[in-house]
Amino acid sequence: MEQVINKLKIGEVEFSSRLFTGTGKFSATELMEQSILASGSELITVALKRVDIKNQDHDNLLGRLKHPHIQLLPNTSGVRNAKEAIFAAQLAREALETNLIKLEIHPDPKYLMPDPIETLIATEALAKLGFTVLPYIHADPVLCKRLEDAGTAAVMPLGSPIGSNKGLKTIDFLEIIIEQSKVPVVVDAGIGAPSDAAKAMEIGADAVLVNTAIAVSPNPVAMGLAFKLAVEAGHMAFKAKLAPQHSNAIPSSPLTSFLDV
Amino acid sequence: MSSFKDLFDTYHWEDVKASIYSKTETDVLKALHASKRDLEDFKALISPAAAPFLEEMAQLSQQLSQKRFGRTIQLYVPLYLSNECNNICTYCGFSFDNKVRRKTLTEKEILQEVESIKKMGYDHVLLVTGEANQTVHVDYFKKAMELVNPHFANVSIEVQPLEQEEYEALIPRGLHAVLVYQETYHRQDYKMHHPKGKKSNFDYRLETPDRLGKAGIHKMGLGVLIGLEDWRTDSFFTALHLSYLEKTYWQSKYSISFPRLRPFSGGLEPKVAMNDRELVQLICAYRIFNEEVELSISTRESELFRNNIIKLGITSMSAGSKTNPGGYAVEPEALEQFEISDERSPEAIALLIKSQGYEPVWKDWDSILNSKVNY
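Residues numbered from 1 in each chain as written. Chains lettered and ligands numbered in written order. Predicted model: local features only at pLDDT ≥ 70, side-chain atom pairs only at ≥ 80, totals over all residues.

As annotated in an unreviewed UniProt entry, chain B is Tyrosine lyase ThiH from Belliella buryatensis. Taken verbatim from the UniProt record of chain B, the Cofactor (unreviewed entry) comment is "[4Fe-4S] cluster". (UniProt positions renumbered as here; feature names shortened; annotations may be inferred.)

The name that an unreviewed UniProt entry assigns to chain A is Thiazole synthase, with the source organism given as Belliella buryatensis. Annotation of chain A in UniProt includes, under Sequence similarities (unreviewed entry), the sentence "Belongs to the ThiG family." Listed under Function (unreviewed entry) in UniProt, the entry text for chain A is "Catalyzes the rearrangement of 1-deoxy-D-xylulose 5-phosphate (DXP) to produce the thiazole phosphate moiety of thiamine. Sulfur is provided by the thiocarboxylate moiety of the carrier protein ThiS. In vitro, sulfur can be provided by H(2)S."

Draft legend 1. Region of interest: the overall build of chain B. Within chain B one finds 15 helices and nine strands. Relative to its length of 375 residues, chain B is compact, with a C-alpha radius of gyration of 20 Å against a globular reference of 21 Å. On the principal axes, the C-alpha backbone points of chain B span a range of 60 × 45 × 45 Å. Taking all 375 residues of chain B together, 51% fall into the buried category. Pairs at least 24 residues apart make up 78% of the contacts formed inside chain B by residues separated by at least 6 positions. (Helix = DSSP H or I, 4+ residues; strand = E, 2+ residues; numbered from the N terminus. Rg over C-alpha atoms; globule rule 2.2 N^0.38 Å. Buried ≥ 20, exposed ≤ 12 C-beta atoms within 10 Å, placed from the backbone. Contact = placed C-beta atoms within 7 Å.)

Draft legend 2. Molecular detail of the confidence of the model for chain A. On average, residues of chain A score 90 in pLDDT, and 97% of them are at 70 or above. Put simply, helix H2 (residues 60-63) of chain A is where chain A has its lowest mean pLDDT, 82, and strand E7 (residues 132-137) of chain A is where it has its highest, 98. (pLDDT = per-residue confidence, 0-100.)

Draft legend 3. Fine view of the UniProt feature "active site" (unreviewed entry) in chain A. Residues and elements named next belong to chain A. Here, UniProt's "active site" (unreviewed entry) annotation points to Lys102. Within the secondary structure, Lys102 is located in strand E6 (residues 100-103). Residue classification places Lys102 among the buried residues on the basis of 29 C-beta atoms within 10 Å. Discounting chain neighbours no more than four positions away, the residues touching Lys102 are Thr45, Leu73, Pro74, Asn75, Leu134 and Tyr136.

Draft legend 4. A look at the interface of chain A and chain B. Counting from both sides, the interface comprises 27 residues of chain A and, opposite them, 24 residues of chain B. Put simply, the parts of the chain that give the side of chain A that touches chain B at least two residues each are helix H3 (82-96) and helix H8 (212-215) of chain A. Considering every element that reaches the side of chain A that touches chain B, the biggest residue donor is H3(A), with five residues. Among the residues forming the side of chain A that touches chain B, the class breakdown is 11 nonpolar, seven polar and nine charged. (Nonpolar A, V, L, I, M, F, W, Y, C, P; charged D, E, K, R; others polar.)

Draft legend 5. Main features of helix H6 (residues 171-180) of chain A. Residues and elements named next belong to chain A. Inspection of H6 places Leu174, Ile177 and Ile178 among the buried residues, and these make up the whole buried set. The buried residues of H6 occupy an angular sector of 95° when projected down its axis, which confines them to one face. Every exposed residue of H6 that faces more than 90 degrees away from the buried side is listed here: Asp172 and Glu179. Tucked inside the fold, the buried residues of H6 contact helix H5 (141-150), strand E8 (156-157) and strand E9 (186-188). (Arc of directions from axis to C-beta.)

Draft legend 6. Expanded view of helix H7 (residues 138-148) of chain B. Residues and elements named next belong to chain B. For H7, the full list of buried residues reads Phe141, Ala144, Met145 and Val148. One face of H7 carries all of its buried residues, which in axial projection span an arc of 100°. Those residues of H7 that are exposed and aimed more than 90 degrees away from the buried face are Asp139 and Glu146. Buried residues in H7 make contact with helix H6 (107-119), strand E2 (124-128), strand E3 (154-158), helix H8 (164-170) and strand E4 (175-179).

Draft legend 7. Representation of the pairing of strand E3 (residues 19-22) of chain A in the model. All names here are of chain A. Side chains Leu19 and Thr21 of E3 all project onto a buried face; the interleaved residues Phe20 and Gly22 project onto the opposite face, where all are buried too. One ladder, built from three bridges, connects E3 with strand E10 (residues 207-210); its direction is parallel. Residue Thr21 lies in a different strand from E10, and its bridge partner there is Val210. As paired elements, E3 and strand E4 (residues 43-47) share two bridges and run parallel to each other. Each residue of the ladder has a partner; that of Thr21, found in E4, is Ile44. (Pairing = 2+ DSSP bridges.)

Draft legend 8. Inspection of the nonpolar core at higher detail. Core analysis: the biggest nonpolar cluster contains 170 residues, and Leu134(A), Val186(A), Val208(A), Leu45(B) and Val125(B) have the highest contact counts within it. For this core, the element with the highest residue contribution is helix H13 (residues 276-289) of chain B, accounting for eight residues. When neighbours within four sequence positions are excluded, Val125(B) is seen to be in contact with Tyr76(B), Val77(B), Leu79(B), Ile117(B), Val148(B), Phe152(B) and Val155(B). (Core = buried A, V, L, I, M, F, W, Y, C linked by C-beta atoms within 7 Å.)

Quick look at the structure:
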């Protein structure tokens, strides 16, 4: 079962789990912790604005994430441009002692659409500052290549609008991104069901990030586990290679059979 | 269009009102089952025709709110800095003609109040004043922001409308959001309720969100004072204002409040009463119309109402509020702007939120995000 334990490396960090999760929208932090543990996730994104980095020992949310297998992925949610993002990332690195940063620059607070221009600028600057940058972006293949050139550690294209649970609306573009990418591709945003996560993995995504679909489920613990299994199954299927699809039945009298006569 | 006024002037109050009251069951069903809703759908949802669909609206509102905001409720507290006011507002305890002792907190007193509300657990604060431009002016606000900002993750204000440049001076000092309620969009009634003072200028107030948008504010809060005029028509204009602002100032966030007129000594009786059922209808209508807008409820409302509204679409609440300057520490007995209805402590409200299966959120912003890099 070599394929199953195939590790994912982003920057200098290795992960056994290809499911990344978040901390928002849970009805209680206890439940968040149980759900994260059930999901097997080793990389948990946390919004800098939600935690009290000055009094970390008293922060209810951070306290729940202290497990040896869990790494924090601070995100810059709330910033509106590259300048603010760079500032926030530096504070996050200092406070949470990690080089990892999920770059989220969405100046549009309604649909939280990522700003490709500011994201590219910030990625370049942060990579130069030694950060392991994971930028949240549209499923834009050219932007992904530009981000690679800028030194990104991974790309995080969206499947559909964040929090929408609509699944992989951008699948055609995700496939191009996966085909072309030299860095890990983490499908972020819009994954609404374990089947969406499995699908993303089957087409070759290196990982997925899921938050709303787990946190808002009536049973976030069971849903965390369901996503774990789906991501493993999807990745295993990708490694094993899916059998080819046929839209028509294969005719029993092929057109070229005369050649065999 | 240079401001909302240009759009607003193309509407007529009586036409809008007639249109809302003529909505039918078919219009309501269309609004409930649409994938995206427009202002006509909003009219249907706030119309009398939607009343029989209240349970269906509540279910949908809960579902949409949970998808966007999760099972969380943010907590904030008002900090009244001053009750000095040069305006006459027929419904307000701070009105110029209300003969009460006036008070504006000194720097030392502001810090005393800050200490008290920090002990209550708050990290989001709303600074409130009347309108007394001689004493409570932009320099006072700058000073207040500088004193308050280091202690809180998120600072909002609810003060007199200011100029764009004045907002631009406060934003880098940590100003996150500004609440500015139109009170009523009924131009003539507005004049009647605000006969004297700078506030009597309807258009200046109407264009305040435009000035805020141009100043690049992170968030603004809209609303009307329910009870002054027909709440359905006033709410339509609020929704129209919201839609205009979202399109024009697309980098700002928006919140809506629904203050119902509360009694104060010698004050106005509501012209138009709104019952609890109708307030629930309005809250759900806003959520179904706009999945992303924040909806806030204050301690004006009763315990019973607040206990039950948590699951219906509200995203933020205040608790343990005092509506008089100095109310938390300096002089707890002074005159209040209005009577609080729900007097429970923040701890009690946090427990209530948890008991409903929601997480109370004390911090969802950080002062590092206030564009200090540009300051």
